[in-house]
Amino acid sequence: DSGVTQTPKHLITATGQRVTLRCSPRSGDLSVYWYQQSLDQGLQFLIQYYNGEERAKGNILERFSAQQFPDLHSELNLSSLELGDSALYFCASSVDGGQGVKETQYFGPGTRLLVL
Amino acid sequence: KNEVEQSPQNLTAQEGEFITINCSYSVGISALHWLQQHPGGGIVSLFMLSSGKKKHGRLIATINIQEKHSSLHITASHPRDSAVYICAVRSNTDKLIFGTGTRLQVFP
(Lines give C-alpha, C1' and ligand atoms only; values in the text may rest on other atoms or scores of the structure.)
Protein backbone atom coordinates (compact mmCIF):
# COMPACT_ATOMS: atom_id res chain seq x y z
CA ASP A 1 0.00 0.00 0.00
CA SER A 2 1.61 3.25 -1.19
CA GLY A 3 -0.52 5.50 0.99
CA VAL A 4 -1.99 7.23 -2.07
CA THR A 5 -5.71 6.69 -2.51
CA GLN A 6 -7.79 7.13 -5.62
CA THR A 7 -11.52 7.02 -6.07
CA PRO A 8 -13.41 5.59 -7.74
CA LYS A 9 -11.58 2.39 -8.74
CA HIS A 10 -13.77 1.89 -11.79
CA LEU A 11 -15.95 4.24 -13.76
CA ILE A 12 -18.17 3.49 -16.74
CA THR A 13 -19.78 6.38 -18.53
CA ALA A 14 -21.00 7.50 -21.93
CA THR A 15 -19.50 9.73 -24.56
CA GLY A 16 -20.11 13.41 -23.96
CA GLN A 17 -20.31 13.02 -20.20
CA ARG A 18 -18.13 14.59 -17.51
CA VAL A 19 -16.42 12.74 -14.65
CA THR A 20 -14.27 13.67 -11.69
CA LEU A 21 -11.45 11.51 -10.41
CA ARG A 22 -10.15 12.07 -6.92
CA CYS A 23 -6.71 11.54 -5.39
CA SER A 24 -5.50 11.82 -1.82
CA PRO A 25 -1.70 11.98 -1.52
CA ARG A 26 0.40 10.36 1.18
CA SER A 27 0.46 12.25 4.42
CA GLY A 28 3.10 14.98 4.18
CA ASP A 29 3.45 14.89 0.39
CA LEU A 30 2.96 18.26 -1.26
CA SER A 31 3.05 17.23 -4.91
CA VAL A 32 0.39 15.40 -6.86
CA TYR A 33 0.88 14.08 -10.38
CA TRP A 34 -1.73 12.78 -12.81
CA TYR A 35 -0.99 10.21 -15.52
CA GLN A 36 -3.01 8.53 -18.22
CA GLN A 37 -2.23 5.01 -19.38
CA SER A 38 -4.02 3.83 -22.48
CA LEU A 39 -3.35 0.61 -24.37
CA ASP A 40 -1.98 2.30 -27.46
CA GLN A 41 0.01 5.13 -25.87
CA GLY A 42 1.51 3.82 -22.66
CA LEU A 43 1.96 6.14 -19.71
CA GLN A 44 1.53 9.84 -20.39
CA PHE A 45 2.15 12.64 -17.92
CA LEU A 46 -0.81 14.98 -17.66
CA ILE A 47 -0.13 17.54 -14.95
CA GLN A 48 1.60 18.16 -11.63
CA TYR A 49 0.47 20.30 -8.70
CA TYR A 50 2.69 21.39 -5.84
CA ASN A 51 1.15 22.79 -2.68
CA GLY A 52 -1.93 23.99 -4.54
CA GLU A 53 -0.18 25.51 -7.53
CA GLU A 54 0.26 24.05 -11.01
CA ARG A 55 3.92 23.03 -11.28
CA ALA A 56 4.29 21.30 -14.65
CA LYS A 57 2.04 20.46 -17.55
CA GLY A 58 2.27 17.55 -19.93
CA ASN A 59 -0.03 16.28 -22.63
CA ILE A 60 -3.25 17.30 -20.96
CA LEU A 61 -6.17 17.97 -23.28
CA GLU A 62 -8.16 21.19 -23.00
CA ARG A 63 -11.21 19.08 -22.11
CA PHE A 64 -9.36 17.96 -18.98
CA SER A 65 -8.63 20.09 -15.96
CA ALA A 66 -7.24 19.50 -12.52
CA GLN A 67 -6.83 21.26 -9.22
CA GLN A 68 -5.25 20.70 -5.84
CA PHE A 69 -7.18 21.80 -2.80
CA PRO A 70 -5.89 23.33 0.47
CA ASP A 71 -5.99 19.91 2.13
CA LEU A 72 -3.71 18.74 -0.75
CA HIS A 73 -6.13 16.28 -2.29
CA SER A 74 -6.52 16.66 -6.02
CA GLU A 75 -9.26 16.18 -8.57
CA LEU A 76 -8.97 15.52 -12.28
CA ASN A 77 -12.01 16.58 -14.28
CA LEU A 78 -12.61 15.01 -17.66
CA SER A 79 -15.35 16.50 -19.80
CA SER A 80 -16.93 15.91 -23.20
CA LEU A 81 -15.66 12.38 -22.93
CA GLU A 82 -14.69 10.45 -26.04
CA LEU A 83 -14.15 6.75 -26.59
CA GLY A 84 -10.42 7.38 -26.76
CA ASP A 85 -10.39 8.70 -23.20
CA SER A 86 -10.89 5.16 -21.93
CA ALA A 87 -7.75 4.46 -19.94
CA LEU A 88 -6.26 3.88 -16.55
CA TYR A 89 -5.69 7.17 -14.73
CA PHE A 90 -3.00 7.15 -12.08
CA CYS A 91 -2.26 9.68 -9.44
CA ALA A 92 1.11 9.83 -7.68
CA SER A 93 2.49 11.97 -4.89
CA SER A 94 5.91 13.04 -3.73
CA VAL A 95 7.31 15.00 -0.83
CA ASP A 96 8.55 17.93 -2.86
CA GLY A 97 7.79 19.27 -6.26
CA GLY A 98 10.97 19.63 -8.15
CA GLN A 99 14.44 18.40 -8.52
CA GLY A 100 15.25 17.49 -4.98
CA VAL A 101 16.38 14.04 -3.99
CA LYS A 102 13.09 13.43 -2.24
CA GLU A 103 11.20 13.21 -5.51
CA THR A 104 10.45 9.51 -5.37
CA GLN A 105 6.84 9.19 -6.47
CA TYR A 106 4.29 6.95 -4.82
CA PHE A 107 1.53 5.75 -7.09
CA GLY A 108 -2.11 5.21 -6.30
CA PRO A 109 -3.92 2.09 -7.53
CA GLY A 110 -5.50 3.95 -10.45
CA THR A 111 -9.00 4.63 -11.71
CA ARG A 112 -10.09 2.57 -14.69
CA LEU A 113 -12.31 4.67 -16.93
CA LEU A 114 -14.41 3.11 -19.66
CA VAL A 115 -16.24 5.42 -22.03
CA LEU A 116 -18.99 3.70 -24.02
CA LYS B 1 12.00 9.02 -32.55
CA ASN B 2 10.84 8.84 -28.94
CA GLU B 3 12.67 11.00 -26.46
CA VAL B 4 13.00 7.98 -24.14
CA GLU B 5 13.85 4.63 -25.68
CA GLN B 6 13.93 1.33 -23.83
CA SER B 7 15.37 -1.98 -24.89
CA PRO B 8 14.49 -4.70 -25.15
CA GLN B 9 10.72 -4.38 -25.49
CA ASN B 10 10.23 -7.95 -24.31
CA LEU B 11 12.52 -10.16 -22.29
CA THR B 12 12.22 -13.77 -21.24
CA ALA B 13 14.55 -15.29 -18.68
CA GLN B 14 15.04 -18.42 -16.62
CA GLU B 15 14.97 -18.11 -12.88
CA GLY B 16 18.39 -17.14 -11.56
CA GLU B 17 19.55 -15.29 -14.66
CA PHE B 18 21.09 -11.82 -14.58
CA ILE B 19 18.90 -9.32 -16.41
CA THR B 20 19.68 -5.93 -17.89
CA ILE B 21 17.16 -3.41 -19.21
CA ASN B 22 18.43 -0.33 -20.98
CA CYS B 23 17.09 3.20 -21.26
CA SER B 24 18.40 5.95 -23.51
CA TYR B 25 17.10 9.49 -23.62
CA SER B 26 17.68 12.46 -25.88
CA VAL B 27 16.67 15.40 -23.67
CA GLY B 28 18.36 17.17 -20.80
CA ILE B 29 17.11 15.76 -17.54
CA SER B 30 17.15 16.49 -13.84
CA ALA B 31 16.21 12.96 -12.76
CA LEU B 32 15.48 9.50 -14.09
CA HIS B 33 13.01 7.04 -12.60
CA TRP B 34 12.67 3.30 -12.92
CA LEU B 35 9.14 2.03 -12.30
CA GLN B 36 7.72 -1.46 -12.05
CA GLN B 37 4.17 -2.21 -13.15
CA HIS B 38 2.71 -5.52 -12.05
CA PRO B 39 0.25 -7.55 -14.12
CA GLY B 40 -2.58 -6.23 -11.94
CA GLY B 41 -1.68 -2.68 -13.00
CA GLY B 42 -0.16 -1.30 -9.84
CA ILE B 43 2.95 0.88 -10.26
CA VAL B 44 5.85 0.97 -7.85
CA SER B 45 8.75 3.39 -8.02
CA LEU B 46 11.99 1.42 -7.86
CA PHE B 47 14.64 4.10 -8.16
CA MET B 48 15.08 7.80 -8.69
CA LEU B 49 18.54 8.68 -10.02
CA SER B 50 20.31 11.86 -10.89
CA SER B 51 23.83 10.40 -11.01
CA GLY B 52 25.85 7.27 -10.31
CA LYS B 53 24.41 4.05 -9.07
CA LYS B 54 21.82 2.82 -6.60
CA LYS B 55 21.18 -0.64 -5.20
CA HIS B 56 18.15 -2.07 -3.48
CA GLY B 57 18.17 -5.77 -2.76
CA ARG B 58 18.66 -7.61 -6.05
CA LEU B 59 18.06 -4.49 -8.12
CA ILE B 60 20.77 -2.14 -9.30
CA ALA B 61 20.26 1.03 -11.33
CA THR B 62 22.99 3.05 -12.99
CA ILE B 63 23.00 6.24 -14.96
CA ASN B 64 25.58 7.84 -17.23
CA ILE B 65 24.63 11.47 -17.66
CA GLN B 66 27.21 12.16 -20.38
CA GLU B 67 26.01 9.24 -22.49
CA LYS B 68 22.32 9.83 -21.63
CA HIS B 69 21.87 6.22 -20.71
CA SER B 70 20.63 4.24 -17.75
CA SER B 71 20.47 0.54 -17.00
CA LEU B 72 18.40 -1.50 -14.60
CA HIS B 73 19.93 -4.80 -13.53
CA ILE B 74 18.22 -7.65 -11.73
CA THR B 75 20.48 -10.25 -10.18
CA ALA B 76 19.29 -13.80 -9.47
CA SER B 77 15.97 -13.19 -11.20
CA HIS B 78 12.81 -14.78 -9.83
CA PRO B 79 9.35 -15.37 -11.31
CA ARG B 80 7.95 -12.67 -9.01
CA ASP B 81 10.12 -10.16 -10.91
CA SER B 82 7.83 -10.68 -13.91
CA ALA B 83 6.41 -7.25 -14.65
CA VAL B 84 6.71 -4.31 -17.01
CA TYR B 85 9.67 -2.06 -16.20
CA ILE B 86 9.33 1.56 -17.24
CA CYS B 87 11.98 4.22 -17.51
CA ALA B 88 10.87 7.84 -17.08
CA VAL B 89 12.83 11.07 -17.15
CA ARG B 90 12.09 14.47 -15.72
CA SER B 91 13.24 16.88 -18.39
CA ASN B 92 14.87 20.21 -17.67
CA THR B 93 11.54 21.78 -18.67
CA ASP B 94 9.89 19.81 -15.86
CA LYS B 95 8.01 17.44 -18.14
CA LEU B 96 7.89 13.76 -17.24
CA ILE B 97 8.52 11.57 -20.29
CA PHE B 98 8.04 7.81 -20.24
CA GLY B 99 9.59 5.00 -22.19
CA THR B 100 7.30 2.35 -23.65
CA GLY B 101 8.34 -0.22 -21.09
CA THR B 102 10.08 -3.58 -21.09
CA ARG B 103 7.92 -6.61 -20.43
CA LEU B 104 9.89 -9.17 -18.42
CA GLN B 105 8.83 -12.76 -17.88
CA VAL B 106 10.90 -14.98 -15.63
CA PHE B 107 10.18 -18.70 -15.79
CA PRO B 108 10.97 -21.19 -13.03
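Since the model is a prediction, treat every value here as computed from it, not as a measurement. (Residues numbered from 1 in each chain as written. Chains lettered and ligands numbered in written order. Predicted model: local features only at pLDDT ≥ 70, side-chain atom pairs only at ≥ 80, totals over all residues. Heavy atoms only, no water.)

A. Inspection of the nonpolar core at higher detail. With 25 residues, the main nonpolar core has Leu32(B), Trp34(B), Leu72(B), Tyr85(B) and Val89(B) as its most contacted residues. Of all the secondary structure elements, the ones that give two or more residues to this core are β3 (19-25), β4 (29-37), β5 (43-49), β7 (59-64), β8 (69-74), β9 (83-91) and β11 (102-107) of chain B. Core analysis: the next-biggest nonpolar cluster, separate from the first, contains 21 residues, Val19(A), Leu21(A), Phe64(A) and Cys91(A) among them. (Core = buried A, V, L, I, M, F, W, Y, C linked by side-chain atoms within 4.5 Å. Buried < 20%, exposed > 50% of the residue type's maximum accessible area, 1.4 Å probe, protein only. Helix = DSSP H or I, 4+ residues; strand = E, 2+ residues; numbered from the N terminus.)

B. How the structure looks around the interface of chain A and chain B. Listed per partner, the contact involves 21 residues of chain A and 15 residues of chain B. Along the contact surface separating chain A from chain B lie 0 salt bridges. At the boundary of chain A with chain B, the tally comes to 2 residue pairs in polar contact (both at pLDDT 80 or more). Those elements that place two or more of their residues in the side of chain A that touches chain B are β4 (31-38), β5 (42-50) and β6 (53-57) of chain A. In terms of residues, the side of chain A that touches chain B owes the most to one element, β5(A), which gives 4 residues. Broken down by class, the residue content of the side of chain A that touches chain B amounts to 8 nonpolar, 10 polar and 3 charged. (Contact = heavy atoms within 4.5 Å. Salt bridge = Lys/Arg side-chain N within 4 Å of Asp/Glu carboxyl O. Polar contact = N/O pair within 3.5 Å; in protein donor to acceptor, adjacent residues only side chain to side chain. Nonpolar A, V, L, I, M, F, W, Y, C, P; charged D, E, K, R; others polar.)

C. Seen up close, the layout of surface pockets. Each pocket or cavity is described by its volume, and for the largest pocket that value is around 1,100 Å³. The wall of the largest pocket is formed by 43 residues, among which Gln37(A), Ser38(A), Gly42(A), Leu43(A) and Thr100(B) lie closest to the centre. Among the residues forming the lining of the largest pocket, the class breakdown is 16 nonpolar, 21 polar and 6 charged. (1 Å grid on protein atoms, 1.4 Å probe; cavity = no way out; pocket = protein on both sides within 12 Å on 5 of 7 lines; lining within 4 Å. Points joined across faces, edges and corners; volume = space filled by probe spheres on them.)

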